[in-house]
Amino acid sequence: GFFLMFAVCCGVPFLVGLTMSDEQREQLARDSAVREESANRRRVEAAAERVESERQQENEQDFKGLVLLKNTLRGGNDDFGCTITGTIVNRRRKKVDYVQISVSLYDSNGRHVGTALDNTLGLESGTSWRFTARGVERFATFKVNEIQGY
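The paragraphs below set out a description of the structure included in this document.

Criteria and thresholds
Residues numbered from 1 in each chain as written. Predicted model: local features only at pLDDT ≥ 70, side-chain atom pairs only at ≥ 80, totals over all residues. Heavy atoms only, no water. Salt bridge = Lys/Arg side-chain N within 4 Å of Asp/Glu carboxyl O. Helix = DSSP H or I, 4+ residues; strand = E, 2+ residues; numbered from the N terminus. Buried < 20%, exposed > 50% of the residue type's maximum accessible area, 1.4 Å probe, protein only. Core = buried A, V, L, I, M, F, W, Y, C linked by side-chain atoms within 4.5 Å. Contact = heavy atoms within 4.5 Å.

### Comments concerning the pattern of salt bridges
So, point 1. Per the stated rule, a full pass over the model turns up four salt bridges.
So, point 2. Close ionic contact of E37 with R41 constitutes a salt bridge, the shortest N to O distance being 3.5 Å. Of this pair, E37 and R41 both sit in helix α1 (residues 22-59), four residues apart, which is roughly one turn of the helix.
So, point 3. Of the residues examined, R41 reaches a relative accessible area of 43% and is grouped as partly exposed.
So, point 4. Notably, a salt bridge pairs R111 with D107, separated by 3.2 Å at the nearest N-O pair.
So, point 5. For D107, a relative accessible area of 17% gives the class buried.

### Concerning the nonpolar core
So, point 1. By size, the foremost hydrophobic cluster in this structure holds 20 residues, and its most contacted members are I84, F131 and I147.
So, point 2. Of all the elements in the fold, those that place two or more residues in this core are β4 (66-78), β5 (81-90), β6 (96-106), β7 (112-123), β8 (128-135) and β9 (141-149).
So, point 3. Considering each element in turn, this core owes the most residues, five residues, to β6.

### Examining the environment of N145
So, point 1. Mapped onto the secondary structure, N145 falls in strand β9.
So, point 2. With a relative accessible area of 44%, N145 lands in the partly exposed category.
So, point 3. Separated by 29 residues in the primary sequence, N145 and A116 have C-alpha atoms spaced 9.9 Å apart.
So, point 4. Leaving out residues up to four positions away in the same chain, N145 has contacts with F63, S102, V103 and S104.

Structure follows, in structure tokens:
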């Protein structure tokens, strides 16, 4: 078969007529399909990685390598005040000897009414801690204020 192809030589475009056997055309079509499939697979993988990264960023709050998993946060009032629970992961490269979480408590008007705290000793790198921060005040809403590690 005969086909035309654009080429550029010395900055000047021109048409080139080429002949190709049926076998060469089939191989060219297969090679093109393989390249396109590979490019599509890379695009899909990149999009999936972006979605996972965005999902992870939405779920995580990083305090200098001590990461709060926001989807684990729960809070409630009881007869003695309140309890806030959740999970913190140590993503630092080494053990943290002391970790403390501070949670601000607010009433229904948005006024700060107190703080709930919890702490632990010896959180190894790569491990998680299920905290239970307690406060003596009742609350309507809460916000993790700070996670410290030394």
